[in-house]
Structures are given as C-alpha cells and as structure tokens.
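Secondary and tertiary structure notes
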Amino acid sequence: MRPTIVKGWDIPKEEYLRAHEDGRLVKLVVDLSNVCNLSCPGCFTKRIAGGWNEKTKKRLQNEIPYEHQIALLEEASVLGVKTVDVVGAGEPTLDPYFQSFLNEVNRRGMHAVVFSHGATNVFDDMQRFSGMDISFFIKLWSRKASLQDKYVHGSIPDYSKWRNSTLEKLIGAGLNQGGHTNLDGIDYRTSGLAADILVMKSNLNEIQNLFRFCRENNIMPEIKTYIPEGPTRIAQAHNLQVYTTKQLLQLRSDEVTNEEFNELRRKLIEIDTKEFGIVAMNTFYPQAVKCTQSMGSLYVTVTGDILSCVGTHFSYGVYQPGKDMLKKVIRERIEKVGFGCVPRIQEARERNLTIARDLLDVYSEGMR
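Bear in mind that the values here come from a model prediction, so they are computed numbers and not experimental data.

Strand order in the open sheet formed by 3 strands is β1-β7-β6, with mixed pairing between adjacent strands. Edge positions in the open sheet fall to β1 (4-6) and β6 (180-183), since each of these has one partner strand only. Between one strand and the next, the sheet's axes are offset by a mean angle of 50 degrees, whatever the strand orientation. Where β1 meets strand β7 (residues 186-191), 3 bridges bridge the pair, whose relative direction is parallel. Within β7, the position partnered with Val6 by the bridge is Ser191.

Turning our eyes to something else, we now look at the state of the cysteines. Under the definition given, this model contains 0 disulfides. Looking at Cys341, it has no disulfide partner, and the nearest cysteine sulfur is the one in Cys291, 6.1 Å off. A residue is classified by how much of its surface remains accessible, and Cys341, at 10% relative accessible area, is buried.

This brings us to the packing of helix α2 (residues 66-78) against helix α3 (residues 98-107). Relative orientation of the contacting elements α2 and α3 amounts to 20 degrees, with a least axis distance of 10 Å. It follows from the interaxial angle that α2 and α3 lie roughly parallel. As α2 runs across α3, the sense of the crossing is right-handed. For the pair α2 and α3, contact is made by Tyr66, Gln69, Ile70 and Leu73 and by Ser100, Phe101, Glu104 and Val105, respectively.

It is worth spelling out the nonpolar core at this point. Formed by 90 residues in total, the largest nonpolar core has its most connected members in Phe101, Phe129, Phe136 and Leu326. Once residues lying within four places of it in the same chain are set aside, the contact partners of Phe101 are Val30, Leu32, Tyr66, Gln69, Ile70, Leu73, Val84 and Val86. Trp141, Tyr151, Val242 and Leu248 belong to the second largest nonpolar core, which has 10 residues in total.

In this fold, Lys290 is placed in the loop between α9 (258-276) and β10 (297-300). Reaching out from Lys290, the side chain makes a polar contact with the side chain of Asp184 at a distance of 3.3 Å. Setting aside residues up to four positions removed in sequence, Lys290 forms contacts with Trp9, Ile11, Pro12, Lys13, Tyr16, Leu183, Asp184, Thr283, Phe284, Tyr285 and Phe339.

Now for the pairing of β10. Side chains Ser297 and Tyr299 of β10 all project onto a buried face; the interleaved residues Leu298 and Val300 project onto the opposite face, where all are buried too. Bridge count for strand β2 (residues 27-31) against β10 is 4 bridges, and the pairing is parallel. When the bridges of β10 are listed, Val30 appears paired with Val300. Sheet topology places β10 next to strand β11 (residues 306-307); 2 bridges connect them, and they run antiparallel.

Taken together, the side chains of Lys323, Lys327, Lys328 and Arg331 define a basic patch exposed on the protein surface. The class for Lys328 is partly exposed, based on a relative accessible area of 42%.

The next thing to look at is the packing of helix α6 (residues 207-216) against α9. Where α6 contacts α9, the two axes come as close as 10 Å, and the packing angle between them is 40 degrees. Taken together, α6 and α9 sit at an angle that is classed as oblique. Crossing geometry of α6 relative to α9 is assigned as right-handed. Residues Ile207, Gln208, Phe211, Arg212, Arg215 and Glu216 of α6 touch α9, and the partners they reach there are Leu264, Lys267, Leu268, Ile271, Asp272, Glu275 and Phe276. For the contact of α6 with α9, the class distribution of residues is 6 nonpolar, 1 polar and 6 charged.

Time to look at the pattern of salt bridges. All chains considered together, the criterion is met by 22 salt bridges. For Arg59, the salt bridge goes to Glu63, with nearest N and O atoms at 2.7 Å. Classification of Arg59 as partly exposed rests on a relative accessible area of 45%. Asp361 is paired through a salt bridge with Arg357; the nearest N and O atoms lie 2.9 Å apart. Highlighted residues: Asp361 and Arg357, both in helix α12 (residues 357-363), separated by 4 residues, approximately one helical turn.

Attention now goes to the environment of Phe339. Structurally, Phe339 can be placed in the loop between α10 (325-332) and α11 (342-351). When residues no more than four places from it in sequence are discounted, the contact partners of Phe339 are Lys13, Tyr16, Leu17, Phe284, Lys290, Cys291, Met295, Glu365 and Gly366.

The rules behind the values
Residues numbered from 1 in each chain as written. Predicted model: local features only at pLDDT ≥ 70, side-chain atom pairs only at ≥ 80, totals over all residues. Heavy atoms only, no water. Pairing = 2+ DSSP bridges. Helix = DSSP H or I, 4+ residues; strand = E, 2+ residues; numbered from the N terminus. Axes fitted to C-alpha atoms, helices over the stretch in contact; angles between N-to-C directions. Disulfide = S-S within 2.5 Å. Buried < 20%, exposed > 50% of the residue type's maximum accessible area, 1.4 Å probe, protein only. Parallel < 35°, antiparallel > 145°, perpendicular 65-115°, else oblique. Left-handed = near helix turned anticlockwise from the far one by under 90°. Contact = heavy atoms within 4.5 Å. Core = buried A, V, L, I, M, F, W, Y, C linked by side-chain atoms within 4.5 Å. Polar contact = N/O pair within 3.5 Å; in protein donor to acceptor, adjacent residues only side chain to side chain. Patch = residues over 30% accessible without salt bridge, like charges linked within 9 Å, V, L, I, M, F, W, Y side chains within 5 Å. Areas by Shrake-Rupley, 256 points an atom, 1.4 Å probe, with all protein chains shown as cover. Salt bridge = Lys/Arg side-chain N within 4 Å of Asp/Glu carboxyl O. Lys, Arg positive; Asp, Glu negative; His and termini not counted. Charge placed at Lys NZ, Arg CZ, Asp CG, Glu CD. Nonpolar A, V, L, I, M, F, W, Y, C, P; charged D, E, K, R; others polar.

In structure tokens form, the structure reads like this:
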C-alpha cells in the first residue's frame, strides 16, 4: 500500500522553494465568513468578543467583502498560486458565496482545498462538486460519538452522526479516489479527502485506530496538536478577551506534550511499516506530508489581515485590491519559513518546552 496525499497538496518541495526564492506563491490560505453553526471551545479563530455565543459563531462587521476576495484570487493567480486552502474562519460551506468562490478558484486554474466540520446541508447534493478541482478536510477527532460530540459545542445535536454521514457521502461520491504520484521521493496515492485530526490527551489512545481508518479508506491523515496561535496560549491577549483563565486552563489540561506526540509518531510509523508496508516518512504531519502553509504561501484572515501562516499573528496590513499587497508582503516577510513548523519552535522557547531532537529536525526542515 502507498500513503495518501490529498490533491492540492501534491506539489513538490522544489516548487515551493523556487517560488520562495523568486518572490512568488504556490498556495494561498484564506478564510471566508466567521459564520458557523458550532461554537467549539478549542476553535483557534474564536477570539473576537461579540463574534460568537454558546451555540454559534456570527458574521463580523469588518469581514473582507466578497469583491475583495475575488480580487485577492486574481492577485494570487498572477503570483503563480496553484492551490487555495479555505480554512475558516467559521464553517466555509455556510458562507453565502461559498459555491461562487469555489467556481472563481477553479476558473483561474487553481485547486480548492476546503476544511469543513461536515455538518451542513451543502453535502446533501454531491453533484454540486462534480467535475470540480476540489478536496475536503473533514474534522475527525474521534469516532466515539460521546467524545466527538463533547469536542464540538453548539447548535447541532448528534454532531458525530451528521459528520459520519457526510464522510460516507464523500466516499460514496468517489472523493477518496485518485491516482499515483511520486512526490519528494515518496510514492503516494492521491485523494480528494483528508481527515483533520487534532491530538489531545482525551483522544490520544484512539489516534492509532483513526490512522488505520484513514489508511483503509485512502484518506490523508492530518494528525496535529494545537497550533501555536490556538486557545491554549494563555499569554495571548486576544485569547484572554474571550476566555476566562479557568477556561484556558481546562483546554491546556487536554494538550499533549511534545514527548507524547513524538511517541505517537513512533507508533504510527510502526503501524505503517508492520501493517501496511509503508516506510517511515520524515514529514511534519506524521506519515502524511510536509507543511504546505509556510514556504511559498500566505494566509489572509476573515478581516483581511495578511499573515505569514495560520501559526503566526503578525499582520502585514489589511488586504486592499489593486495595490499588489501580496507581492509586497512576500518581499517584506520577516518570519522564517519552512516545511516543518517554525512557529512551534518559537512557541517551545517562549513556554520553556523541550522538543526531542528528531521532532525538532522535523519542525525545522527546510527553514529559510
């Protein structure tokens, strides 16, 4: 068996390196609306007071308008972007312009990669995605209903059942089908389906079976811990604006250590080698792929702030059409980039955390 890589992320390191050196981009990461029918405690974009309640996230008054989003896509295509990751800020499929935005992405020859919790009516009609260059990441933090439903607070009863139904629909429509490709020396199977898997102490013992589920269904596993800009960062002022210290401590109590994550990585490699005949892969997402959100990439938030990646917080300004802002930011970017995760190294220093040598090598891969 070959490991799986999601379509849109199947771009070699060399292309990202060349783009970085030439002042171009390979990827654009964007938010659509802040609207979501969930209000999960661990959501890393749930920071703005008044932007959410106990059940839902609300539209913000200063969201980037649709016309600016389309101008952003045009600017990105000129800079060579091949893939547009739609990561939030709320649930992308609930944005009123969701389908139109995807059409505009494809019309410019770019592949859309959508991160969704999977519990919306958009997936009732799979024909809408027929013939599109599109891939989906679906939230898969647990297959135990009681645990998964505990993670996602909000207005949806029996969330896990709806999520499972969506996964079945995506698989039934053949989204997890693909071909073969060699990427950075690794023979992969391609797929239009990936699993967003957040590792916590409460689901740590389940990750190995989630990993097997992905392998058996040609789904790329994106296995990760809380991002450095996530809600476990108690010192961040914008987190303290919307969470109490007690709430943040509760979230942090479920955060796995670097040692626990490194041990999990070892176990996943063992599963691959012994059960699936897949060799050990020195990739940021264990046994999956390098990070593709830093080198040759920029992130534009729901309010138009241009960031180096989702793991950073410094804004290079609010996007305005017609001013070549993406090109300017590429020239002026101050953060280091790489195929691992430079922000995690910085976070470890700030929090006085130890990173094992082999994990540090993964996090610092390709650093520029």
